[in-house]
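Here is what each chain is made of, one letter per residue.
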Amino acid sequence: MRSISKSFKPIYGILLVNLIGFVLLYFYKKPFEKITIYIGLTTMVLTSAIYLFILIKKLGDEYLFLIVSMLASIGIIMIYRLDRELGIKQVIWFTGGTVLFLISYFVFSRWNLWSRLIYLYAGTSLVLFLLTLIFGSDIKGANNWIVVAGFNFQPSEIIKVLYVMFIASYFTTPEKLNIPEITLLERKISVHNRGVFIACVYMFIGFLILQREWGSALLFFIVFYLFLYIYGTGLKTLLFNGAMAFMGGSLGYLFLYHIKVRIDIWLDPWKDVSNKGYQIAQSLFAIGAGGFFGTGLGLGRPDFIPEVHTDFIFSAICEEMGIFGGIAVILLYFLLIYRGFKIALSIREPFGKSVALGLTLMFGFQTFIILGGVTKLTPLTGITLPFISYGGSSLVSSFISLGILQAVSKKAL
Amino acid sequence: MNINRKIVHALIVISILFLSLIIYLTYFELFTKDKVIASSYNRRQFETEEKTLRGSIQDRNGTVLASSALEKEQQVRKYPYGPLYSHVIGYNSKIYGKSLLEAKYNDFLLGLNQISMVFGLRDKLSGNMKTGNNLQLTLDHKLQDKASKLLAGRKGAIVAIQPKTGEILAMVSEPDFDPNDQKLVKNWGKMVESKDAPFLSRAAQGLYNPGSTFKILISAAAVEKGMADRLFEDKGITVIDGKKFSNFNGEAHGKINLKTALAFSSNTVFSQVGVELGEGTLRDMAGRVGIGKDIGFDIPVSESIFPYSSMSKTDMASVGIGQGKMMVTPLHMAMIAAGVANEGQMMKPILVSKITTNDGRTIRNQKPSELYNMMSKETAAAVKEMMQEVVEKGTGRNAAIKGVKVAGKTGTAENEFTGREKNREHAWFVAFAPADKPQIAVAVVLEYSGSTGGSIAAPIARDLIAAWVKQ
Amino acid sequence: MFEILSSLLKYIFITIIYIFLFSIIRLIYLDIRSVNKKASDLAEKAPYLKLINRRDELYFKVEESYILSRDKSLGRAAKANISIEDPFLSGEHARFIHRDGSILLKDLGSKNGTLINGVRLTDEEVPLNNGDKIEMGQLAFLFVDNEAGEGT
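These figures come from a predicted structure and were not determined experimentally.

What counts as what
Residues numbered from 1 in each chain as written. Chains lettered and ligands numbered in written order. Predicted model: local features only at pLDDT ≥ 70, side-chain atom pairs only at ≥ 80, totals over all residues. Heavy atoms only, no water. 1 Å grid on protein atoms, 1.4 Å probe; cavity = no way out; pocket = protein on both sides within 12 Å on 5 of 7 lines; lining within 4 Å. Points joined across faces, edges and corners; volume = space filled by probe spheres on them. Helix = DSSP H or I, 4+ residues; strand = E, 2+ residues; numbered from the N terminus. Nonpolar A, V, L, I, M, F, W, Y, C, P; charged D, E, K, R; others polar. Pairing = 2+ DSSP bridges. Patch = residues over 30% accessible without salt bridge, like charges linked within 9 Å, V, L, I, M, F, W, Y side chains within 5 Å. Areas by Shrake-Rupley, 256 points an atom, 1.4 Å probe, with all protein chains shown as cover. Salt bridge = Lys/Arg side-chain N within 4 Å of Asp/Glu carboxyl O.

A. Main features of empty space enclosed by the protein. This model, assessed by the stated rule, comprises 5 cavities of 30 Å³ or more. Taken as a whole, the largest cavity encloses approximately 80 Å³ of empty space. Lining the largest cavity are Glu157(A), Lys160(A), Val161(A), Val164(A), Leu359(A), Met362(A), Phe363(A), Gln366(A), Ser397(A), Ser398(A) and Ser401(A). Going through the elements one at a time, α7 (155–172), α14 (350–374) and α15 (392–412) of chain A are the ones with two or more residues in the lining of the largest cavity. Here the lining of the largest cavity is composed, by residue class, of 5 nonpolar, 4 polar and 2 charged. Taken as a whole, the second largest cavity encloses approximately 60 Å³ of empty space. Forming the walls of the second largest cavity are Leu24(A), Ile77(A), Leu297(A), Glu320(A), Met321(A), Ser6(C), Leu9(C), Lys10(C) and Phe13(C). Taken together, the elements giving at least two residues each to the lining of the second largest cavity come down to α13 (313–346) of chain A together with α1 (2–44) of chain C. Top contributing element to the lining of the second largest cavity by residue count: α1(C), with 4 residues. Among the residues making up the lining of the second largest cavity, the classes are represented as 6 nonpolar, 1 polar and 2 charged.

B. Structural detail: the sheet that holds strand β8 (residues 134–137) of chain B. Residues and elements named next belong to chain B. Across the sheet, which stays open at both edges, the 6 strands sit in the order β4-β3-β2-β8-β16-β17 with mixed pairing between neighbours. Two strands close off the open sheet at either side, each with one partner strand: β4 (74–78) and β17 (362–365). By the bridge criterion, 2 bridges tie strand β2 (residues 57–58) to strand β3 (residues 64–71) in an arrangement that is antiparallel. Looking at the pairing, Ile 57 lines up with Ala 66 of β3.

C. Examining a nonpolar patch on the surface more closely. All names here are of chain A. Together, Leu 126, Val 127, Leu 130, Leu 131, Leu 133, Ile 134, Phe 135 and Leu 210 make up a nonpolar patch on the protein surface, roughly 720 Å² of accessible area in all. The element best represented in the nonpolar patch is helix α6 (residues 118–135), accounting for 7 residues. Among the structural elements, Leu 130 can be located in helix α6.

Shown next, in the form of structure tokens:
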């Protein structure tokens, strides 16, 4: 084992996984389609090429992309297995994602002005939020999609990146958010920049709640809260925001039907298993069906789970690749996050540090929220699994984040 | 650096969350998943069943008692003999689930066990539908049919066992039901609400007071204590601690020995014997034959009970004549009779003798095994002799067969109606034959028949034994 | 057919993912170890050799850095102070010698030679300066001498 792992280069692992996956997929459905082979080759060539590019050009941390490629490969194989057409689309998005990864790497490394654009981040986010509110359409119970030229586009995925940049900018140069004293009713009111910052964050979260994106709202709050803790804004701020979250949660449970339902289902999905608890029950059936090694690719019935290719893809992985496969995915995410933290820890430059930290926290908690949700460890809030779930917006946003993280890593290591 | 220290805190938090995910998943896999995936909302369950042609169930001679076939792409479970095996095989329904053998041997019938998984690959290769394993039962279709006809719709049960091996030859309970899916759907509602409890497998799950059949065991204990040759005074009635114990119809038999007392089922004698044996011996005897213990069977079986915490003299007298609070199943009574026939060795009851794959490979072969050592060879021989007397001269004369030595014991058991309504007793008869080389042991119980075991249960046992022995 | 293939390959599939995981963990671990070592060397302020090659491109064991706190020989032989199993190295390839506060490099008559900043060494001892690139066999090192480096 030791000698294997010594001579074994990680990139081989990705190539082998793709090879096995796509050979299986080729035989999976009759008639055998040549496109399966092409799709597999595309993924393999693309991954190797970009990995070699990172190595040769020394673009910083070499593990980030490797780990993400493995996750994306597992995702593509699973999605292709579930639905050939979606699988092909996912590979196209993956290709686009890797290109955006490189672009965002170079764009972020090239200029040094990113910490000064705090108003741009907030402003762009606001515009995107308003566009969603005006032009948004309801898909799957969340009003967070814009349809542009036939493409479904989820602005909140892009806002995720902007939000991290916004927070990082604030903690680098808080004075940017100073606002002049306001004279109201002949009294001078001065607001500390932290107040402005907190108000802005609540604006982000408020818009997400308006779009019924509970998962993202929770995610944004957690990242915000950890930043407050890490950057030592004092016990008072922490307590105040904690109380706000508690109040918001309780009010949501009492007055928002959707939130109450989600929590009730989490407590007992079997009470209304034919209706409200159906999704999570199907997810648990799938996870249970796999056992430790899974049924084998194409031999389970993950198609019984609603929304299996997006939010519930992890359940499908557990069914066909087993609990061991699921744990491997969790460990891959953990490695990715560990690398992210390592970058955040080793860099001295404050903006890069907070950007790396923010993106890593985003990846980490987004993963935990959805994995906890589909396994019924926590209440379920619809949110995608980064790099694995089907979806262009999600994949593109994740790869842009990764590109930025990669750029920061170059300065760190 | 202060910030770095706090970043490490965040890393620790995420590590704990991820670790808890892994632990939770493992825990789910090991402990909770079995319950979860058994939910009827899990369509996967039906998936495997649909993909596998369920194995068939046959009697000891290969007569098919249950089989599956494809009809319009749908798998249908067929029970060609309708209700005859409903209390042995049970039912297999998409709506109501599974019961009895269909439930207990589900994994085998679907071929879900490890060994055939490997060989099942051949089916995968050829693209055929997977086939499950077949069960071979110890039941004899002709005897089962005969037993059912003899019971003729009266509420009760019949169990027939081969004494040497413990193989169940026939097991009939009435009322029964038709387990074929259409009939089941049609009658389900009515049957669930019925007071007659048609879903109760009386033979294995019905608990009855054993009545005088229990005197077989009292006699055995008495023989062990050296009372075989003692003469007892039978005045037709005796009073123990102020409670009267009288013979059937108050008949007095005068000075009689144990053998005659058993032949005429003398309550006067056996109530005294019960008191003389005492609590310890009675308890010991009940324990030795497995009363109050799990006898382990292929279908769910009720445990016979001996529910005394401490016994008064009247309790001992009641147990002596087989009334009292103890309860037994017909299956258990048949096993006791078979145990006497088998020189005091009670065998483990077997219903499924063999499991074979579709291509005839045997994957499980049930060998006979001893369950309890009830009594010594000598005691068994003495009791057997006394039981022959019952059929030759005593209350069991209706069970006599020309040319076959039958050993038996009648019983008329009190129940919840006793003392309130007349003629509601259960009628019992247990027997085995031929006495010198036993081939079959039988227990017959007729619920609330209001008649004596000798008059209505004994003829049933006789006909069943005759059918088997003369075959 | 597909079912057999899939139910067999699933074990291989999952195993590969785990090997992938462990190989990454191993590389990360090696990185951390070398970083820690470097840190302690820097604390000592001793001059050292820093490997320029990527370690995972070399199929033999090589450290990220080698401290030159005293005279050291480098070669393929096990008895060399710095022993590296690069087949293109000679058994006793070169020697680092401390003299008058600076470090000299001497090629010990190696078969494939030693290059400093692209210039091949003769059999003379050559003083090393901070930032010199030393090439021998398949290896390329950077000579780092912080004490001297601070001056330049």
